[in-house]
Amino acid sequence: MKILIEKDYEAMSARAARIVAERIRRKPDLVLGLATGSTPIGMYRHWIGMVQAGDLSFTDVTTFNLDEYVGLAGDHPQSFRTFMHEQLFRQIDVKPERTHIPDGVAPDLAAECAEYNRLIEEAGGIDVQILGIGKNGHIGFNEPGEDFGKLTHVVRLSENTRRANSRFFPRLEDVPTHAITMGLKSIMNARQIVLLAAGTDKCDAVQRALYGDVTEDLPASVLQLHPNCVVVLDEAAASKLPADGNNGKWEMEK
Ligand code: PGA
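Quick notes on the rules
Residues numbered from 1 in each chain as written. Predicted model: local features only at pLDDT ≥ 70, side-chain atom pairs only at ≥ 80, totals over all residues. Heavy atoms only, no water. Buried < 20%, exposed > 50% of the residue type's maximum accessible area, 1.4 Å probe, protein only. Helix = DSSP H or I, 4+ residues; strand = E, 2+ residues; numbered from the N terminus. Pairing = 2+ DSSP bridges. Right-handed = clockwise from strand over helix to strand, strands pointing away. Phe/Tyr/Trp six-rings, centres within 6.5 Å; stacked < 30°, edge-to-face > 60°. 1 Å grid on protein atoms, 1.4 Å probe; cavity = no way out; pocket = protein on both sides within 12 Å on 5 of 7 lines; lining within 4 Å. Points joined across faces, edges and corners; volume = space filled by probe spheres on them. Nonpolar A, V, L, I, M, F, W, Y, C, P; charged D, E, K, R; others polar. Salt bridge = Lys/Arg side-chain N within 4 Å of Asp/Glu carboxyl O. Contact = heavy atoms within 4.5 Å. Polar contact = N/O pair within 3.5 Å; in protein donor to acceptor, adjacent residues only side chain to side chain. Near = heavy atom within 4 Å. Areas by Shrake-Rupley, 256 points an atom, 1.4 Å probe, with all protein chains shown as cover. Sits in = over half its atoms within 2 Å of the grid points. Disulfide = S-S within 2.5 Å. Core = buried A, V, L, I, M, F, W, Y, C linked by side-chain atoms within 4.5 Å.

(A) Geometry of the pairing of strand β3 (residues 62-65). By the alternation rule, side chains of β3 split into T62 and F64 and T63 and N65, which are all buried. Pairing geometry for strand β2 (residues 31-34) and β3, over four bridges, is parallel. Note that in β3 the partner of G33 across the bridge is F64. This β-α-β element, β2 to helix α2 (residues 41-52) to β3, shows right-handed connectivity. Strand direction decides the pairing type here: β3 and strand β5 (residues 99-100), joined by two bridges, are parallel. Opposite T63, over in β5, you have T99 as the bridge partner.

The structure is reproduced here in structure tokens:
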């Protein structure tokens, strides 16, 4: 694990954008795992700027998003499909047919999960997976207590997560109770992981994920076992980390 600490959200976003852009330039048909939430929006803006400047192209990139709410169709205003369309896809040159997000209104959710796993495998697996982290240490919609061994599956959302995400919905009652998410095993199968976190809200989860026990009580802690994980933080999210990278436990760059 490598920890990169940038001054603020903007610098964190620029750094993460450059890391992934460099991977795409070296492998134009990269398979890229994407995330929703507030955190990656700044990085997406940087990619959009690079594409518009002619410095980056997504034409041969294939994307797989981590998750989608159960019960929301792709064109629902609060679906993650809509989020990705607005925040990224419609502003870059990615081919729509190469963008994948689970179908939250599939009639057979178990079959939808199996199909999602099959598509990832058919694409050759995920080269780079972008992740945010929840205040409770979730990654994707893998909440505390999730089995490390699962691929894409249906989860019940914790009340914490529903409350945190209610900011995107008219009312708390409108937040779905379930979601389809890539599992922790799907995430760990990615060849590289880029975890982003910003703000003091995240500093406890980040500290526990990187320096606490590896435990299913804190899903992001599984990343300690990943052979190629880059964590890009702003100073606020890094504020509870040992200044020296904990005696060299992880490589740290400020
Ligand atoms: P956020 O969400 O980026 O909106 O903070 C991260 C997450 O819950 O995974």
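And the narrative resumes.
(B) Local environment of the packing of aromatic side chains. Tallied over the full model, the rule gives seven aromatic pairs. With a centroid separation of 5.4 Å and an interplanar angle of 40°, the aromatic rings of Y44 and W47 are classed as tilted. Taken together, the residues span about one helical turn, with Y44 and W47 both in helix α2 at a distance of three residues. Residue classification places Y44 among the buried residues on the basis of a relative accessible area of 0%. Taking relative accessible area as the criterion, W47 reaches 0% and is therefore assigned buried. Centroid distance Y69 to F141: 5.6 Å. Interplanar angle 45°. Geometry classified as tilted.

(C) Seen up close, the layout of surface pockets. Approximately 710 Å³ is the volume found for the largest pocket. As for the largest pocket, its lining consists of 32 residues, of which G37, S38, N165, R167 and K202 are closest to the centre. Mapped onto the lining of the largest pocket, the elements with two or more residues apiece are β4 (67-69), α3 (80-87) and α5 (159-165). Tallying contributions element by element places α5 first for the lining of the largest pocket, with four residues. Looking at the lining of the largest pocket residue by residue, the classes come out as 13 nonpolar, 14 polar and five charged.

(D) Up close: the pattern of salt bridges. Counted according to the given criterion, the structure contains 17 salt bridges. Measuring nitrogen to oxygen at the nearest pair gives 3.9 Å for the salt bridge that ties R26 to E22. Pair noted here: R26 and E22 are both in helix α1 (residues 9-26), with a separation of four residues, about one helical turn. With a closest N to O distance of 2.9 Å, R171 and D174 form a salt bridge.

(E) View of the environment of Q78. Here Q78 shows up in the loop between β4 and α3. It is 15 Å that separates the C-alpha atoms of Q78 and L66, two residues lying twelve residues apart in sequence. Among residues more than four places away in sequence, those in contact with Q78 are Y69, L72, F168, F169 and P170. A polar contact of 3.1 Å, which involves the side chain of Q78, links it to the backbone oxygen of F168.

(F) Inspection of the site of the ligand at higher detail. Close contacts around the ligand come from G37, S38, T39, G132, I133, G134, H138, R167 and K202, and that covers them all. Note that an oxygen atom of the ligand is positioned 2.8 Å from one of the side-chain N or O atoms of R167. In the complex, the protein chains occlude 81% of the 280 Å² of accessible area that the ligand would expose alone. Of all the cavities here, the one that holds the ligand is the largest pocket. The residue makeup of the shell around the ligand, split by class, is one nonpolar, six polar and two charged.

(G) Representation of the state of the cysteines. As enumerated under the stated definition, the model contains zero disulfides in all. As a non-bridged cysteine, C203 has C229 as the owner of its nearest cysteine sulfur, 18 Å distant. The buried category is assigned to C203, whose relative accessible area is 6%. Among the residues examined, C229 registers a relative accessible area of 2% and is labelled buried.

(H) Representation of the nonpolar core within the structure. The biggest cluster of nonpolar side chains holds 70 residues, and the ones touching the most others in it are L32, W47, F58, I130, L210 and L223. In terms of residues, this core owes the most to one element, α2, which gives seven residues. Apart from the residues lying within four places of it in its own chain, the contact partners of L32 are V20, I24, W47, F58, V61, T62, T63, F64, I126, V128 and I130. In this structure, F80, V155, F169 and V175 belong to the second largest nonpolar core, which totals nine residues.

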